Amino acid sequence: MKKQTRSLRTLAALGLVGALALTGCGGGGESGGSQQWSLGETHPKDYPTTQADIWFADHVRERTDGRIDISVRHSAQLGEEREVIEQVQMGAAQMTRVSTAPVAEFVPAFGVFSMPYLFDDEEHLWRFLEGDYAQGMLGDLRESGFVGLAYYEAGARNFYTVDKPITSPEDLEGLDIRVIEGSVNADMVEAMGGSPVTMDYGEVYSSLETGVLDGAENNEPSYVSSGHYELAKHFTMDAHQRIPEVLMINADVFDSLSEKDQQLLRDVAQESVAEQRKLWDQEVEESLAEMKDAGIKIHDVETTEFQESVSGLLDEARKGEYSEVMAAIDEVRES
Ligand code: GTR
């Protein structure tokens, strides 16, 4: 039943988006006509990523004199992240802003961003994201039909639970914890001793409500804006992951543009990063204030035990498929 509902929704989205794209696809040349694109976004309108998407769309529209007209379809109007990525891959939607976690299902190299305790802090993450290696990874998205335009900030992910507070990895034992798509995320919770449940973001609220889940994990802005804080009132500051977001476009759509417009899209996307990061910092502060007002029990924990519980996972990754990228991340740490 769930599957059927989901595929019907995808079909509806495809029909709608396909029609939208066709009305405007006058070749996208600079000789007139406008391209109408859809940009899929899971978060509500006032969320920092959505606001940055809108900033990007407004500046692209302005700087192309309306030749490229991007409509930001926020609040998961086009479906959950995985389906939206598929739509962009097929060209049914043109762009999306998603977490790099589900992108790993399409381009496995992106799974590295889900590795726990990979980055020391936000500064370490951004020194890596702004460097050649990570910028090159945006280009690697092409192997699956995308062009990556920019990374956005998504803070640190933390556990939150309905009944039992998590103060050490042992507390996760026997708990069903929702994880974001991408196998590394399930491996992480398993290594810590919990039972991972991979589930769409949009299903987490009702699953916390009905007891299908004992908890989930996310950054403060998502925890608050999704309403999960109304149901899971223990929030553990364990900062187990820093998974950046990515803004990407269908590669054929991108290739159909003039070189000038391609550069313009890249430039505006890179410029939107500063805007997104500024909004992000504000939103984290506001979310923490809302959490306090709502009486959320915030557990400040020592992360050593959490880190130790996943050290095997990291060691394996360092020797295996992520050896090169993790060496690059370590190098940035030491530089
Ligand atoms: C948020 C992220 C979303 C989505 C969500 C999730 O932090 O911004 O794109 O991936 O997490 O947990 O599914």
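Cut-offs and rules
Residues numbered from 1 in each chain as written. Predicted model: local features only at pLDDT ≥ 70, side-chain atom pairs only at ≥ 80, totals over all residues. Heavy atoms only, no water. Domains from an automatic or database assignment. Contact = heavy atoms within 4.5 Å. Buried area = accessible area lost by both parts, 1.4 Å probe. Salt bridge = Lys/Arg side-chain N within 4 Å of Asp/Glu carboxyl O. Polar contact = N/O pair within 3.5 Å; in protein donor to acceptor, adjacent residues only side chain to side chain. Buried < 20%, exposed > 50% of the residue type's maximum accessible area, 1.4 Å probe, protein only. Helix = DSSP H or I, 4+ residues; strand = E, 2+ residues; numbered from the N terminus. Pairing = 2+ DSSP bridges. Near = heavy atom within 4 Å. Areas by Shrake-Rupley, 256 points an atom, 1.4 Å probe, with all protein chains shown as cover. Axes fitted to C-alpha atoms, helices over the stretch in contact; angles between N-to-C directions. Parallel < 35°, antiparallel > 145°, perpendicular 65-115°, else oblique. Left-handed = near helix turned anticlockwise from the far one by under 90°. Nonpolar A, V, L, I, M, F, W, Y, C, P; charged D, E, K, R; others polar. Phe/Tyr/Trp six-rings, centres within 6.5 Å; stacked < 30°, edge-to-face > 60°.

Participant: Would you explain the domain arrangement of the protein in this entry?
Facilitator: As a measure of interface size, the accessible area lost when the parts come together is often cited. Segmentation of the protein into domains returns domain 1 (2–24 + 31–154 + 243–283) and domain 2 (157–242 + 286–334). Each of domain 1 and domain 2 has a C-alpha centre, and these two points are 24 Å apart. Listed per partner, the contact involves 39 residues of domain 1 and 39 residues of domain 2. At the boundary of domain 1 with domain 2, total buried surface from both sides reaches about 3,400 Å², with 60% on carbon and sulfur atoms. Sorting the residues of domain 1 by area buried against domain 2 places Met-115, Pro-116 and Tyr-117 first, and these three jointly supply 22% of that buried surface. Seen at the junction of domain 1 and domain 2, the total is two salt bridges. For Asp-120, the salt bridge is made with Arg-333, and the minimal N-O distance between the two is 3.1 Å. Between domain 1 and domain 2 we count 17 residue pairs in polar contact (both at pLDDT 80 or more) in total.

Participant: Could you clarify how one ought to interpret the pairing of strand E8 (residues 215–218) in this entry?
Facilitator: Moving residue by residue along a regular strand, the side chains alternate between the two faces of the sheet. Neither face of E8 is open: one carries Gly-215 and Glu-217, the other Ala-216 and Asn-218, and all of them are buried. Where strand E5 (residues 157–161) and E8 come together, four bridges link them in antiparallel fashion. Bridge assignment links Asn-158 to a residue of E8, and that residue is Asn-218.

Participant: I keep staring at the pattern of salt bridges and nothing clicks. Help me out?
Facilitator: Side-chain pairing between opposite charges can occur once the charged atoms of the two side chains come close. Across all of its chains, the model carries 18 salt bridges by this definition. When the shortest N-O distance is used, the salt bridge between Arg-82 and Glu-105 registers 3.7 Å. Residue Arg-82 is located in helix H3 (residues 81–90), and its partner Glu-105 is located in the loop between helix H4 (100–103) and helix H5 (122–129); the two are separated by 23 residues in the primary sequence. Between Glu-181 and Arg-82 there is a salt bridge whose closest N-O contact spans 3.0 Å. With Glu-181 in the loop between strand E6 (176–179) and helix H7 (183–192) and Arg-82 in helix H3, this residue pair connects regions lying 99 residues apart in the sequence. Its relative accessible area of 17% is what places Glu-181 among the buried residues. Here the salt bridges share partners, and the residues they tie into one network are Glu-41, Glu-81, Arg-97 and Glu-245.

Participant: I'm lost on the site of the ligand in this one. Help?
Facilitator: Around the ligand, a shell composed of 13 residues is seen, among which His-43, Glu-81, Arg-178, Asn-218 and Glu-245 lie nearest. Residue Arg-97 places a side-chain N or O atom 2.9 Å away from an oxygen atom belonging to the ligand. One of the side-chain N or O atoms of Glu-245 is found 2.6 Å from an oxygen atom in the ligand. Against a free-state accessible area of 320 Å², the protein chains account for coverage of 98% of the ligand. Looking at the shell around the ligand, you find at least three residues from each of domain 1 (2–24 + 31–154 + 243–283) and domain 2 (157–242 + 286–334).

Participant: Any chance you could explain the packing of H5 against helix H14 (residues 323–334) here in plain terms?
Facilitator: The packing of two helices is summarised by the inter-axis angle and the distance between the axes. Between H5 and H14, whose axes approach to 9 Å, the crossing angle comes to 120 degrees. Taken together, the axis directions place H5 and H14 in an arrangement best described as oblique. The handedness of the crossing between H5 and H14 is right-handed. Judged by residue contacts, His-124, Arg-127 and Phe-128 of H5 engage Val-325, Ala-328, Ile-329, Val-332 and Arg-333 from H14. Class assignment of the residues belonging to the contact of H5 with H14 gives a composition of five nonpolar, one polar and two charged.

Participant: Teacher, can you tell me more about the packing of aromatic side chains here?
Facilitator: The description of an aromatic ring pair rests on the distance of the ring centres and on the angle between the ring planes. A full pass over the atoms with the stated rule returns 11 aromatic pairs. Consider the rings of Tyr-160 and Phe-235, whose centres lie 6.2 Å apart with planes at 10 degrees: the pair is stacked. Within this pair, whereas Tyr-160 is found in strand E5, its partner Phe-235 is found in strand E9 (residues 234–241), the two being separated by 75 residues in sequence. The pair Tyr-160 / Phe-235 is uniform in exposure class, with both members buried. Within the aromatic cluster, the residues linked to one another by ring pairs are Phe-110, Phe-113, Phe-119, Phe-128, Tyr-133 and Tyr-151.

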